[in-house]
Amino acid sequence: MNFKKFILNRLLLSIVVIFGLSIVIFCIARIVPGDPARMALGATATAHALETFRVENHLNEPLPMQYVYWIKGVLTGDFGISTMTKRPVIQDMIEFLPATLEVVILAAVFLVLGSIFLGRLAAKHRDTVLDAAIRVFSYAGVAIPGFVLAVLLLLLFGYVWPIIPVLGRLSHGIVAPPRITGMYTLDSLMNGNLATFWDAFLHILTPALALCAGGMFQEARLVRNAMTENMGKDYLAAMEGYGVPKRLIMNKYLFKPSLIPAVSCMGMDIAALMSNAFLIEVIFGWPGISKYGMNAMLAKDLNAISGVILIFGTIFVVINIIVDIIVAYLDPRIRLGGGK
């Protein structure tokens, strides 16, 4: 199986997964205890208003027909009206999603670069004090939940050592850049405002570190263990015996195959960053889609909840496709064997 067919198979499978996810989300939204019309309009709504709402939203139709109407709306970007904000859900997601993506992207960069750096460093200096120190920090990083680390960072940089801002997206007095993407760092760069970019970047640091720490240390262990295990392979000893430079052996023939198990876990952890951001955004007062989703759950806003979960699920599937492609590139046996 060539690489194009491998990618095509993954894309087709992902479409099936997203379709199944939409069915699950719809069913959960419909079996939640309570009358959707009453939950949307409140306890003081009249019977006429409730019946009008049911007719307008096809709630009197059979469930299969309700799903058809719902999925047609989703495919056109219509997730319904949020009972919490009284605005279209798609409008809320356009407003809040960029803030979460801004944190998640930086957290993903920290996760990938930090895990590779620490793993390579520990493998290069295996069985030394440095290797032991990295492993101890790795165990601690995996054991401490992200929201606990978030509180510790908030206390450290907010009260004990206030060298960087820890709450919100911008400091008081800093004007938000003109909206282009919704990401303050990118928008400020596109407008040539370096002061706003730097302030926005400093605000992202602590949420991103709290979000990625557990995954970063876990992947560092995987990189370190894979590299130390592969160091004993015969082909590396043969290359060293033939006089191949040690730097070339480390960077190409040892590092590349050692990345395969770590990349698979990195993809899962990066995809999970969106869902793990719920408590992180609440702790740091970050106005992102995860905080919006949590408020929607507390308000029993079914339209908003369905929209947020579907967006998260789609992002998760897309990241998994990207990871499959990267792993297939690193290991030709996967793409040539059809991913068996």
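Remember, predicted model here, so these are calculated numbers, not experimental data. (Residues numbered from 1 in each chain as written. Predicted model: local features only at pLDDT ≥ 70, side-chain atom pairs only at ≥ 80, totals over all residues. Heavy atoms only, no water.)

Moving on to the overall build of the chain. Across its full length, the chain carries 14 helices and zero strands. Ordered by position from the N terminus, the helices and strands of the chain form the series α-α-α-α-α-α-α-α-α-α-α-α-α-α. Overall size of the chain, expressed as C-alpha extent along the three principal axes, is 85 × 55 × 40 Å. Put simply, the chain has 340 residues, and 41% of those count as buried. For the chain, long-range pairs separated by at least 24 residues make up 70% of all intrachain contacts whose partners lie at least 6 apart in sequence. (Helix = DSSP H or I, 4+ residues; strand = E, 2+ residues; numbered from the N terminus. Buried < 20%, exposed > 50% of the residue type's maximum accessible area, 1.4 Å probe, protein only. Contact = heavy atoms within 4.5 Å.)

In this section: the environment of I90. Looking at the element boundaries, I90 is found in helix α5 (residues 89-124). By relative accessible area, which is 31% here, I90 ends up partly exposed. When neighbours within four sequence positions are excluded, I90 is seen to be in contact with G77 and F79.

UniProt annotation of "domain: ABC transmembrane type-1" (unreviewed entry) refers to residues 97-327 when read in the numbering used here. Along residues 97-327 the backbone is 80% helical and 0% strand, and the end-to-end C-alpha distance reaches 28 Å. (UniProt positions renumbered as here; feature names shortened; annotations may be inferred.)

Here, UniProt's "transmembrane region" (unreviewed entry) annotation points to residues 12-32, 96-118, 139-161, 200-217, 259-284 and 304-330. A helix fraction of 100% and a strand fraction of 0% characterise residues 200-217, whose end C-alpha atoms lie 26 Å from each other.

Let us now look at unusual backbone geometry. Residues other than glycine predominantly adopt negative phi, and peptide bonds predominantly adopt the trans conformation. The residue K86 is not glycine, and still its phi comes out positive at about 60°. Positionally, K86 belongs in the loop between α4 (63-75) and α5. When its relative accessible area of 59% is taken as the criterion, K86 is described as exposed. Positive phi, normally seen in glycine, also occurs at D127, with a value near 60°. Mapped onto the secondary structure, D127 falls in the loop between α5 and α6 (129-143). Given the relative accessible area of 65%, D127 is considered exposed.

This part is about the environment of P178. Along the polypeptide, P178 turns up in the loop between α7 (146-160) and α8 (184-190). P178 sits 150 residues away from A328 along the chain, and the two C-alpha atoms are 41 Å apart.

With that settled, consider the packing of aromatic side chains. Across all of its chains, the model carries nine aromatic pairs by this definition. Ring geometry for F26 versus Y67: centroids 5.4 Å apart, planes at 75°, classification edge-to-face. Here F26 is found in helix α1 (residues 3-31), whereas its partner Y67 is found in helix α4, with 41 residues between them in sequence. Both residues of the pair, F26 and Y67, count as buried. Taken together, a centroid distance of 5.8 Å and an interplanar angle of 25° make the contact between W198 and F201 stacked. On the criterion of helical spacing, the pair formed by W198 and F201 is a turn pair, its members being three residues apart in helix α9 (residues 194-230). Ring-pair connections join several aromatic residues into one group, and the members of that group are F19, F26, Y67 and W70. The lysine or arginine in question, R169, covers the ring of Y184, its NZ or CZ lying 3.7 Å from the ring centre. (Phe/Tyr/Trp six-rings, centres within 6.5 Å; stacked < 30°, edge-to-face > 60°. Lys NZ or Arg CZ within 6 Å of the ring centre and 35° of its normal.)

Before going further, it helps to spend a moment on the side chain of S82. The residue S82 is located in the loop between α4 and α5 in this model. Among the residues examined, S82 registers a relative accessible area of 0% and is labelled buried. Only 3.2 Å separates the side chain of S82 from the backbone nitrogen of M84, close enough to count as a polar contact. Discounting residues that sit within four places of it in the chain, S82 has contacts with R87, V89, D92, Y292, D301 and A304. (Polar contact = N/O pair within 3.5 Å; in protein donor to acceptor, adjacent residues only side chain to side chain.)

Turning our attention to the nonpolar core. Looking at soluble globular proteins, one finds that nonpolar side chains tend to be buried together. The biggest cluster of nonpolar side chains holds 74 residues, and the ones touching the most others in it are W70, L211 and I289. When neighbours within four sequence positions are excluded, I289 is seen to be in contact with M93, F96, L97, T100, M274, E281, V308 and F312. (Core = buried A, V, L, I, M, F, W, Y, C linked by side-chain atoms within 4.5 Å.)

Turning to the pattern of salt bridges, a few remarks are in order. Side-chain pairs of opposite charge can arise where the charged atoms are in close proximity. With the rule as written, the count across this model stands at six salt bridges. Residue D131 pairs with R135 through a salt bridge whose shortest N-O separation is 3.6 Å. Taken together, the residues span about one helical turn, with D131 and R135 both in helix α6 at a distance of four residues. Judged by relative accessible area, which is 31%, R135 ranks as partly exposed. (Salt bridge = Lys/Arg side-chain N within 4 Å of Asp/Glu carboxyl O.)

The next thing to look at is the state of the cysteines. Scanning all chains against the criterion turns up zero disulfides. Sulfur of C212: no disulfide; nearest cysteine sulfur belongs to C265 and is 16 Å away. For C212, a relative accessible area of 1% gives the class buried. (Disulfide = S-S within 2.5 Å.)

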